[in-house]
Amino acid sequence: GLLVDTDVRWNVIAGAVDDRTPAEREACVPSKSRYDSIDCYIAESELRKDKYNDVPIAVNSEAHEALLEAGIDPLMAQHIAHLFVRDPLVIFEDDLNHSPDHPVDPMLHFENIQSTNWNSVRFKPPPPASAADIGWRTEFRTMEVSLTDFENAAFSVFIVLLSRVILAFNLNFYMPISEVDANMATGHERDAARQGQFFFRRNIFSTKLKDAATPPSSFVCDLGHIHNPEFAWPFDFVCDDNVDRTELMSLDEIMNGTPLTSDGSAPGFGFPGLIPMIRGYMSAVSTKDTVGARVQRYLDFISDRAAGKLVTTATWMRAYITSHPGYKHDSVVSDAVCFDLMQEIRGVVDGTRKAPTLLGEYYAGRLDDAESGKAMLESLRGTAMEDGEMLKGSSMTSSVIETVMRHLANTTPKPHGEAKPDGK
C-alpha cells in the first residue's frame, strides 16, 4: 500500500461510493457524494436560524411538492426530498412484488434510499413496529474505530454525555453549514488534531446569563430526577452584539476550554470547553464513585488527546512506518513493513506492547473496590488541589468553579456539615 498524507479516511470512502455522473460532478448538483457531511439543519428550534443553512442543496421537486402537500414542515420536506435526488443502489425483486399474499412495508423503499445516504449525522425514523420498540434517533457517524477497547469506550461515553449536557444546559452549537464543510476539510489534514484550527461557535449558551433575571434553576435527568445545576458559565463571552459569531479554535480550546482569570474576564475571549461542562454535569447528577472514576478517566484521556499530549492513531501509525528500517521514504508501505505494523497493533490491542505516545497510561482496568474508586475520583476531580491551581481538563481555577456553581444554584454557601438535598 501507500502512505497517504491525510489523517482520516472519510474522503476515501466518499470517493468510493460517489456515483454522480460526470455532468452532475461538473455542475456540482448534487454538491456532494452519498457519503459526506450533513447538508442542512432540520430542527424546528428557536436556536436554529435560516442563515445557518447557507449552502444550497438539490431536491427532488416532485417529492418535495408531495411532502409539502401532505403537511410535512418545509425543513423536513427539504431534507427528505434531498435524499431522493439519489437513485437506489440496490433493489430486491421481492420487495417490488407487492400483493395481498406478499405485503411489503412501504418503509423498506424509504430505507433503501435513507440507508445509502451516509452523512456525518443521520436522522432515523423508528423501524417497523414488528422489529423493535425503538423511537426516533439521531445517529452520530463521524468517529473512527480506535485500536483499543478503552479508546472506543471513552469516545462512545463522551458522545452520550455531551448529548445530555446539550439538553441539560440548552446549549447552542449552530454554525453555518459552509463552516461545517470547512471543518471536515481541515480534519483531513495531517496532524489536524494538534495543529488544525476549526470553526466553532463562540457563545454556546442560548441566553446571556449575566442579563437573565434568574439563572436556570434545575434540569431533569434521564431517570426523571430534578437536579439543581451545579455548573454553568455565568459570564458573558460575547464582547460585541454578534452572538452568532464563530471563531477558529484548536481542538484543545474546544474540548478543554481557554484559560480565564479569577474574576471571569479573559484575554481576548474565553470558551468554557466541552469536557469541563461534562464534568460539571456529572457532579450535578451525583455519579456513583466507581462509575464516576471510570468516566472521569475517559474524559482525562480525551482531554490529553485534544491537548496534544497524546497523538492520534493516524499520527502513531505514520510515525511507526516512517521510522521503520524497511521504509524507503517513497510512500510505499512494503509487505514487511505492513506485517510489522500489524504485529505492533496486535500487541497494543492485547496489552503485550505499550504505546506511550498513543495511550500514555490509559488502558482498560477494573474499579471494583469502592474506596479505591472514591480515591481515584477525588484525584481526578482535583478536590485535593489547593485553591488557585488549574483543575485537570478544566479552563478555570477551583475557586472560580465554586463561584460558578453558587451563581447558577442561586444560593449562598451552606454551613459545613449541612445535608445537601439529593434533588429527587
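This structure is a prediction, so every number in the text was calculated from the model and none was measured.

Here is what the cut-offs are and how they apply
- Residues numbered from 1 in each chain as written.
- Predicted model: local features only at pLDDT ≥ 70, side-chain atom pairs only at ≥ 80, totals over all residues.
- Heavy atoms only, no water.
- 1 Å grid on protein atoms, 1.4 Å probe; cavity = no way out; pocket = protein on both sides within 12 Å on 5 of 7 lines; lining within 4 Å.
- Points joined across faces, edges and corners; volume = space filled by probe spheres on them.
- Helix = DSSP H or I, 4+ residues; strand = E, 2+ residues; numbered from the N terminus.
- Nonpolar A, V, L, I, M, F, W, Y, C, P; charged D, E, K, R; others polar.
- Patch = residues over 30% accessible without salt bridge, like charges linked within 9 Å, V, L, I, M, F, W, Y side chains within 5 Å.
- Areas by Shrake-Rupley, 256 points an atom, 1.4 Å probe, with all protein chains shown as cover.
- Salt bridge = Lys/Arg side-chain N within 4 Å of Asp/Glu carboxyl O.
- Axes fitted to C-alpha atoms, helices over the stretch in contact; angles between N-to-C directions.
- Parallel < 35°, antiparallel > 145°, perpendicular 65-115°, else oblique.
- Contact = heavy atoms within 4.5 Å.

Draft legend 1. Structural detail: empty space enclosed by the protein. Using the criterion set out here, one finds two cavities of 30 Å³ or more in the structure. The space that makes up the largest cavity amounts to roughly 50 Å³. As for the largest cavity, its lining consists of His79, Leu83, Gln114, Asn117, Asn119, Val121, Arg122 and Phe123. Secondary structure elements with two or more residues in the lining of the largest cavity: helix H4 (74–83) and strand S3 (121–124). Tallying contributions element by element places S3 first for the lining of the largest cavity, with three residues. For the lining of the largest cavity, a count of residues per class yields three nonpolar, four polar and one charged.

Draft legend 2. Expanded view of a nonpolar patch on the surface. Together, Leu89, Val90 and Phe92 line one region of the surface with nonpolar side chains, adding up to about 290 Å² of accessible area. With respect to the helices and strands, the residue Val90 is situated in the loop between H4 and helix H5 (93–96).

Draft legend 3. Structural view of the packing of helix H7 (residues 149–169) against helix H11 (residues 274–284). Their axes nearest at 9 Å, the elements H7 and H11 cross at an angle of 75 degrees. When the interaxial angle is binned, H7 and H11 end up roughly perpendicular. Two secondary-structure elements touch here, H7 through Phe158, Leu161, Leu162, Arg164, Val165, Ala168 and Phe169 and H11 through Leu274, Ile275, Met277, Ile278, Tyr281 and Met282.

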